[in-house]
Amino acid sequence: MFQLYKKRDFSQLVGDTFTFFKMEGKKYFRNYFIINGGLILILIVALYLLMSFFFEGTFAAAQNGNSTFLEDSLYSNMGIFLTVGALLSLLVIIVSIVNYTFPVSYLSLLANNKEINTSSLFENLKQKIGRSLLFFLFSLFILIPIMCIIMGITFLLVMIIIGIPLLLIIMPAVMSWISLSYYHYISTNSGYTEALGKGYEMLRRNFWTIIGSTVVMYLIVQVVVSVVTFIPYFFGMASFFVNPDGMQEEPESMVSFITILASAVMIISLVFNYMMQNLILVNQGLIYYSATEVEENISVNKEIDSIGQNEE
């Protein structure tokens, strides 16, 4: 079984993240798609329909010489667009909350040596979803303004060069602070401000190790998502070079092709972003449990307790 409570340095934080998925990956992602896959699928279908409307509308407007087609459609169907936009935004929030809470639930069950299956994960998620929503709402009014101020000052400093290295440090530091605070808030009965304080203390105590691990994970995720997304884009662009007159000869077929290509790129990017976020979130979870081990020596205490039980 994978050991969560363990003191880890930089290389161990990175290496153990991949070890976790090597040992638990099959079970992890099977349950992940059972629980969150349906919501992601609904989101994909909704986005595809919106993109189809946009591209087909743009093409129809170009054929008819009506440059205000999309604007006219928007104003004449304002109620529908607002409703669809609100529902789509709500769906994105729900998918994101489940996506962020799933690894917390999985690691929580693993830390407590409980059976991990779809039923236990779903039950754990139901228990944590309320606090997840509260964390999101609190962060919207507390963390987001703070982040905007910090990032604004950092971007201004970019103009005098010093902001560039600061940006590379502050961005992962803020993201890790939020993740550690989220883990503590969801995994315990702590209040929101207490969780922020705990997350900051964990980050401060092992700052450079955490920053290094976080940066490496983000770079890996960005490279993988970019490469995977580029593949359908590359084949799509190659087809244009092979048949450059396709738009004039078969405009409707080319518009359908462009719609499918753009949708495929967006869908692949979306799915892989959600999937690869698990790599970052599990890594942050290992940071959290490692910091907890440093403070509380949980694994050592368990070993002592097990020795006492064996002697009896």
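Looking at the overall build of the protein chain
Phase 1: Across its full length, the protein chain carries eleven helices and zero strands.
Phase 2: Starting at the N terminus and walking to the C terminus, you meet the elements of the protein chain as α-α-α-α-α-α-α-α-α-α-α.
Phase 3: Put simply, the protein chain has 312 residues, and 39% of those count as buried.
Phase 4: When contacts within the protein chain are restricted to residue pairs at least 6 apart in sequence, those whose partners lie at least 24 apart make up 75%.
Phase 5: Total accessible area computed for the protein chain in this model is approximately 17,200 Å², and 69% of it derives from carbon and sulfur atoms.

Concerning the packing of aromatic side chains
Phase 1: Summed over the entire model, instances satisfying the criterion amount to 23 aromatic pairs.
Phase 2: Both rings, one in tyrosine 288 and one in tyrosine 289, keep their centres 5.3 Å apart while their planes meet at 80 degrees; by these two values the pair is edge-to-face. Comparing tyrosine 288 with tyrosine 289, the two get one shared label, buried.
Phase 3: Pairwise contacts between aromatic rings join Phe2, Phe20, Phe21, Tyr28, Phe29, Tyr32, Phe33, Phe102 and Tyr106 into one cluster.

Points about the layout of surface pockets
Phase 1: Estimates place the volume of the largest pocket at around 640 Å³.
Phase 2: Elements supplying a minimum of two residues to the lining of the largest pocket: α3 (78-111), α4 (118-141), α5 (143-158), α6 (163-187), α8 (207-242) and α10 (251-296).
Phase 3: Sort the elements by how many residues they give to the lining of the largest pocket and α3 lands first, with six residues.
Phase 4: Residue composition of the lining of the largest pocket, grouped by class: 19 nonpolar, seven polar and no charged.
Phase 5: Approximately 260 Å³ is the volume attributed to the second largest pocket.
Phase 6: In terms of lining residues, the second largest pocket is bounded by 18 residues, among which Tyr5, Ser187, Thr188, Tyr288 and Tyr289 are the most central.
Phase 7: Those elements that provide at least two residues to the lining of the second largest pocket are α3, α4, α6, α7 (192-205) and α10.
Phase 8: The element contributing the most residues to the lining of the second largest pocket is α10, with five residues.

Considering the environment of isoleucine 93
Phase 1: Summarising the element assignment, isoleucine 93 is placed in helix α3.
Phase 2: Looking at isoleucine 93, the relative accessible area reads 31%, which means it is partly exposed.
Phase 3: Once the C-alpha coordinates of isoleucine 93 and phenylalanine 136 are considered, the two residues, 43 residues apart in sequence, prove to be 9.3 Å apart.

Side note on the pattern of salt bridges
Phase 1: Tallying each qualifying case throughout the model produces seven salt bridges.
Phase 2: The salt bridge involving arginine 8 is made with aspartate 16; its shortest N-O contact spans 2.7 Å.
Phase 3: Overall, the relative accessible area of 7% leaves arginine 8 in the buried class.
Phase 4: Among the salt bridges present, the one from arginine 205 reaches glutamate 295, with a minimum N-O distance of 2.8 Å. Linking arginine 205 in helix α7 with glutamate 295 in helix α10, this pair joins segments that are 90 residues apart in sequence.

Digging into a nonpolar patch on the surface
Phase 1: A contiguous nonpolar surface patch, about 900 Å² in accessible area, is contributed by Ile93, Leu133, Leu134, Phe136, Leu137, Phe138, Leu140, Phe141, Ile142, Ile144 and Ile146.
Phase 2: Those elements that place two or more of their residues in the nonpolar patch are α4 and α5.
Phase 3: Top element by residues in the nonpolar patch is α4. It accounts for seven residues.
Phase 4: Within the secondary structure layout, phenylalanine 138 lies in helix α4.

Observations regarding unusual backbone geometry
The general pattern is negative phi for most residues beyond glycine and trans for most peptide bonds.
Phase 1: Positive phi values are uncommon outside glycine, yet asparagine 113 reaches one of about 55 degrees.
Phase 2: Mapped onto the elements of the fold, asparagine 113 is located in the loop between α3 and α4.
Phase 3: Given a relative accessible area of 52%, asparagine 113 falls into the exposed group.

Considering the nonpolar core
Phase 1: Of all hydrophobic cores here, the largest spans 64 residues; its most connected members are Leu4, Phe20 and Phe102.
Phase 2: Elements with a minimum of two residues in this core: α1 (10-64), α3, α4, α5, α6, α7, α8 and α10.
Phase 3: Not counting the four nearest positions on each side in its chain, leucine 4 is found in contact with Leu107, Leu110, Ala111, Leu286 and Tyr289.

Some details on α7
Phase 1: Between its first and last C-alpha, α7 extends 20 Å over 14 residues, near the 20 Å set by a 1.5 Å rise per residue.
Phase 2: Along α7, the residues classified as buried are Tyr192, Ala195, Leu196, Gly199, Met202 and Leu203. What you see down the axis of α7 is that its buried residues fit within an arc of 130 degrees, all on one side.

Definitions and limits used
- Residues numbered from 1 in each chain as written.
- Predicted model: local features only at pLDDT ≥ 70, side-chain atom pairs only at ≥ 80, totals over all residues.
- Heavy atoms only, no water.
- Helix = DSSP H or I, 4+ residues; strand = E, 2+ residues; numbered from the N terminus.
- Buried < 20%, exposed > 50% of the residue type's maximum accessible area, 1.4 Å probe, protein only.
- Contact = heavy atoms within 4.5 Å.
- Areas by Shrake-Rupley, 256 points an atom, 1.4 Å probe, with all protein chains shown as cover.
- Phe/Tyr/Trp six-rings, centres within 6.5 Å; stacked < 30°, edge-to-face > 60°.
- 1 Å grid on protein atoms, 1.4 Å probe; cavity = no way out; pocket = protein on both sides within 12 Å on 5 of 7 lines; lining within 4 Å.
- Points joined across faces, edges and corners; volume = space filled by probe spheres on them.
- Nonpolar A, V, L, I, M, F, W, Y, C, P; charged D, E, K, R; others polar.
- Salt bridge = Lys/Arg side-chain N within 4 Å of Asp/Glu carboxyl O.
- Patch = residues over 30% accessible without salt bridge, like charges linked within 9 Å, V, L, I, M, F, W, Y side chains within 5 Å.
- Core = buried A, V, L, I, M, F, W, Y, C linked by side-chain atoms within 4.5 Å.
- Expected span 1.5 Å × (residues − 1).
- Arc of directions from axis to C-beta.

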